[in-house]
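The lines below spell out each chain.
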Amino acid sequence: MKSARSPIRNFASLSTGQATSAVAALVTNIWLARTLGPEGLGLLGFGSAVVAYLILFTASGSDLWGARLIASKRYSATVVTGRIFGLRIWAFCLVAVIFLILAPLLAPDPDDRRVLLVQAGAVLAVPMALDYFFQGIERQTTTAVRQAGQALLMMILTVLLVQSASDVVFAAVAQAAAAFGPALIVLIVAMGRYPIGRPNLSPVSVVKTFRRVFPFTISAFVNTLFVTIDIVMLGLLSGKTETGFYVAGSRLMLFALIPAGIIFSIAYPRLAATGRQQRQINLERYAVILGLIAVAGSAVALATTRVLIETIYGESFLPTVPILGVQMLTVILIHGRMVPGGGLSSWGYQKDHARATTIAAVSNVALNAALIPMYGGMGAAVATLASQIILFVLFTYRLKIASGIFVAARQALCLPCGMVAFAVVYGLKSVLGGASLLIVGTVLSVIVVALCARLSGLIHWSDLQTTIRPPGVS
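Described in the following lines is the structure provided in the data block. (Residues numbered from 1 in each chain as written. Predicted model: local features only at pLDDT ≥ 70, side-chain atom pairs only at ≥ 80, totals over all residues. Heavy atoms only, no water.)

### Brief notes about the overall build of the protein chain
- When helices and strands are counted, the protein chain shows 18 helices and 0 strands.
- Here the protein chain holds 474 residues, and 53% of them are scored as buried.
- When the accessible surface of the protein chain is totalled, it reaches about 19600 Å², and 70% of it is carbon and sulfur. (Helix = DSSP H or I, 4+ residues; strand = E, 2+ residues; numbered from the N terminus. Buried < 20%, exposed > 50% of the residue type's maximum accessible area, 1.4 Å probe, protein only. Areas by Shrake-Rupley, 256 points an atom, 1.4 Å probe, with all protein chains shown as cover.)

### A word on the packing of helix 2 (residues 62-72) against helix 3 (residues 77-106)
- At a minimum axis separation of 10 Å, helix 2 and helix 3 run at an interaxial angle of 170°. With respect to helix 3, the axis of helix 2 lies roughly antiparallel. Mapping the contact onto sequence places Ser62, Asp63, Trp65, Gly66, Leu69 and Ile70 in helix 2 and Ala77, Val80, Arg83, Ile84, Leu87 and Arg88 in helix 3.
- The class makeup of the residues in the contact of helix 2 with helix 3 is 7 nonpolar, 2 polar and 3 charged. (Axes fitted to C-alpha atoms, helices over the stretch in contact; angles between N-to-C directions. Parallel < 35°, antiparallel > 145°, perpendicular 65-115°, else oblique. Contact = heavy atoms within 4.5 Å. Nonpolar A, V, L, I, M, F, W, Y, C, P; charged D, E, K, R; others polar.)

### Digging into the side chain of Ser205
- Mapped onto the secondary structure, Ser205 falls in helix 8 (residues 203-237).
- Other than its neighbours up to four places away in sequence, Ser205 contacts Arg83 and Asn200.

### A closer look at a nonpolar patch on the surface
- Residues Leu94, Val97, Ile98, Ile101, Leu102 and Leu105 make up a contiguous nonpolar surface patch of about 600 Å² in total accessible area.
- Inspection of the secondary structure assignment puts Leu105 in helix 3. (Patch = residues over 30% accessible without salt bridge, like charges linked within 9 Å, V, L, I, M, F, W, Y side chains within 5 Å. Salt bridge = Lys/Arg side-chain N within 4 Å of Asp/Glu carboxyl O.)

### A closer look at the nonpolar core
- In this structure, Leu283, Tyr286, Leu292, Tyr313 and Phe317 are the most contacted members of the largest nonpolar core, which totals 95 residues.
- Of the residues forming this core, the biggest block, 14 residues, is contributed by helix 1 (residues 7-59).
- Phe317 has contacts with Ala33, Gly37, Pro38, Leu41, Gly244, Phe245, Ala248 and Ile309, leaving out every residue within four places of it along the chain.
- Judged by nonpolar contacts, the second largest core, of 26 residues, contains Ala67, Val80, Ala179 and Val206. (Core = buried A, V, L, I, M, F, W, Y, C linked by side-chain atoms within 4.5 Å.)

### Thoughts on helix 9 (residues 240-256)
- The end-to-end C-alpha distance of helix 9, which contains 17 residues, comes to 24 Å, matching closely the 24 Å that a straight helix rising 1.5 Å per residue would cover.
- Every buried residue of helix 9 is accounted for by Thr243, Gly244, Phe245, Tyr246, Val247, Ala248, Gly249, Ser250, Arg251, Leu252 and Met253. (Expected span 1.5 Å × (residues − 1).)

### Remarks on the packing of aromatic side chains
- Scanning all chains against the criterion turns up 7 aromatic pairs.
- In textbook terms, an aromatic cluster arises when at least three aromatic residues are bridged by ring pairs, as seen for Phe133, Phe134 and Tyr194. (Phe/Tyr/Trp six-rings, centres within 6.5 Å; stacked < 30°, edge-to-face > 60°.)

### Remarks on the side chain of Thr384
- Secondary-structure assignment places Thr384 in helix 14 (residues 350-403).
- On the basis of relative accessibility, which here comes to 2%, the residue Thr384 falls in the buried class.
- Among the polar contacts made by the side chain of Thr384, one reaches the main-chain carbonyl oxygen of Ala380 at a distance of 3.0 Å. (Polar contact = N/O pair within 3.5 Å; in protein donor to acceptor, adjacent residues only side chain to side chain.)

### Quick look at the pattern of salt bridges
- In the structure shown here, the tally under the stated rule is 8 salt bridges.
- Across the salt bridge formed by Arg146 and Asp131, the nearest N and O atoms sit 2.7 Å from each other. Remark: Asp131 occurs in helix 5 (residues 131-136) and Arg146 occurs in helix 6 (residues 141-161); sequence separation between them is 15 residues.
- Note that Asp352 is salt-bridged to Arg398, the shortest N-O span being 2.7 Å.

### Observations concerning the environment of Tyr286
- Inspection of the secondary structure assignment puts Tyr286 in helix 11 (residues 279-303).
- Counting along the chain gives 52 residues from Tyr286 to Met338, while the straight-line C-alpha distance between them is 9.7 Å.

### Let's talk about the packing of helix 11 against helix 16 (residues 414-428)
- Relative orientation of the contacting elements helix 11 and helix 16 amounts to 25°, with a least axis distance of 8 Å. Compared by their axis directions, helix 11 and helix 16 come out roughly parallel. As for how helix 11 packs across helix 16, the hand of that crossing is right-handed. Between helix 11 and helix 16, the contacting residues are Val288, Gly291, Leu292, Val295, Ala299, Val300, Leu302 and Ala303 on the first element and Cys414, Leu415, Cys417, Gly418, Ala421, Phe422, Val425 and Tyr426 on the second.
- Partitioned by chemical class, the residues of the contact of helix 11 with helix 16 number 14 nonpolar, 2 polar and no charged. (Left-handed = near helix turned anticlockwise from the far one by under 90°.)

### Topic: the environment of Asp167
- Residue placement: Asp167 occurs in the loop between helix 6 and helix 7 (168-191).
- For Asp167, a relative accessible area of 11% translates into the label buried.
- For the pair Asp167 and Val115, spaced 52 residues apart in the sequence, the C-alpha separation amounts to 10.0 Å.
- Apart from residues lying up to four places away in sequence, Asp167 is in contact with Leu36, Leu161 and Val162.

### Section: the environment of Asp63
- Take Asp63: it is sitting in helix 2.
- By relative accessible area, Asp63 is classed as partly exposed at 32%.
- Separated by 73 residues in sequence, Asp63 and Gly136 have C-alpha atoms that sit 9.5 Å apart.
- The contact partners of Asp63, leaving out residues within four places of it in the chain, are Arg88 and Tyr132.

Written out as structure tokens, the structure reads:
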């Protein structure tokens with residue numbers, strides 16, 4: 001087994017891959033929105049939300065379980081990958097049957113159903129995906145390459161195939177092909193270089209593995225629920241156009257969460273390997289880094305919401321403006337709850353994690369059901385924000401009870417930095433506009449937040465040095 005790479009090398013690899021992916025995804029998103037309009041984007045968004053559940057139940061929450069086990073016991077990689085392969089193949093077969101039965105109910109219109117069925121082809125990539133393996137051995141360049149390749153392939157196919165508002169099905173083809181191709185290539189290459197196990201299709205092994213990953217399945221389900229149930233319910237209750245306005249904001253919200261995903265991929269195996277005495281310090285460091293990233297990005301979006309929507313999507317998407325404002329507040333809460341949630345999942349408190357996420361999930365569904373019929377996309381945005389607040393409180397409380405660790409106070413200290421950045425960017429609106437405002441505002445926000453954090457003592461260079469120090473070879 002090759003030694004782990006340093007966090008800074010993993011961060012550089014993932015950042016490069018994610019930057020490429022973000023640019024390609026942004027181009028794809030803009031092209032689809034301007035070509036298909038709110039109705040077409042709403043249909044695609046609804047289909048993507050449904051497919052997210054198919055992917056979730058095919059993966060069965062095995063990513064975090066596999067990454068944690070491989071990170072703590074490198075010698076188990078062959079057995080773990082074989083068990084995950086077997087679990088995912090069985091799960092894929094079951095999910096495919098259930099989906100084909102439910103497809104007419106989800107999309108009664110034959111044309112809409114055709115788009116949904118094509119989008120579901122992306123699920124074929126899940127049994128082959130090895131992101132958990134590379135996260136566990138802390139060599140994530142391959143993951144970065146796969147992600148970038150997927151985003152670039154989807155962008156190229158979308159630009160080539162989607163030329164008018166009637167080309168929604170071709171957009172679905174681009175999504176499915178871009179997911180499947182890179183995953184297959186990575187699997188073929190990895191099997192020749194790493195100890196990847198053959199699929200263990202034994203029913204006994206599959207059941208045993210599922211029992212181990214079930215708490216992670218619940219957590220993954222809830223995370224997917226927060227991102228997608230609002231879109232699914234909007235599609236069913238409010239129609240494609242209203243869904244399109246909401247999806248436009250959701251795409252920007254997901255872009256804002258990309259840095260958090262990179263940092264979590266790096267931090268998770270290191271948190272899992274941290275001894276009890278060091279956990280408080282490591283989690284506080286993780287909390288501050290995530291908190292500063294959250295407020296820096298959200299400050300720009302909140303200060304320039306209308307300009308952001310007009311510049312990216314055009315005037316036809318102006319109803320998205322108030323929705324996006326609420327969604328960017330949600331981004332801050334998501335960053336916040338990732339910290340205690342990461343502590344619970346990485347230190348073996350999966351049951352506490354699962355209980356909290358289940359309560360928040362039920363609240364989210366209930367709030368969406370109550371608010372969407374009356375307020376449409378805005379109701380869905382408020383429901384998501386409220387459920388994230390509930391999850392943050394529950395995660396923080398459960399981590400305090402289970403381990404005695406409390407980091408909310410450190411997280412709260414990041415908010416004043418964001419407020420100062422918001423004021424600076426908002427004031428910049430009197431001087432600049434359009435893309436210039438967004439670019440200069442983003443740079444200024446990052447600088448202001450970094451200065452505030454350094455001057456207030458929130459973060460020190462020694463903390464960053466400790467964070468990026470290479471792990472020991474195992």
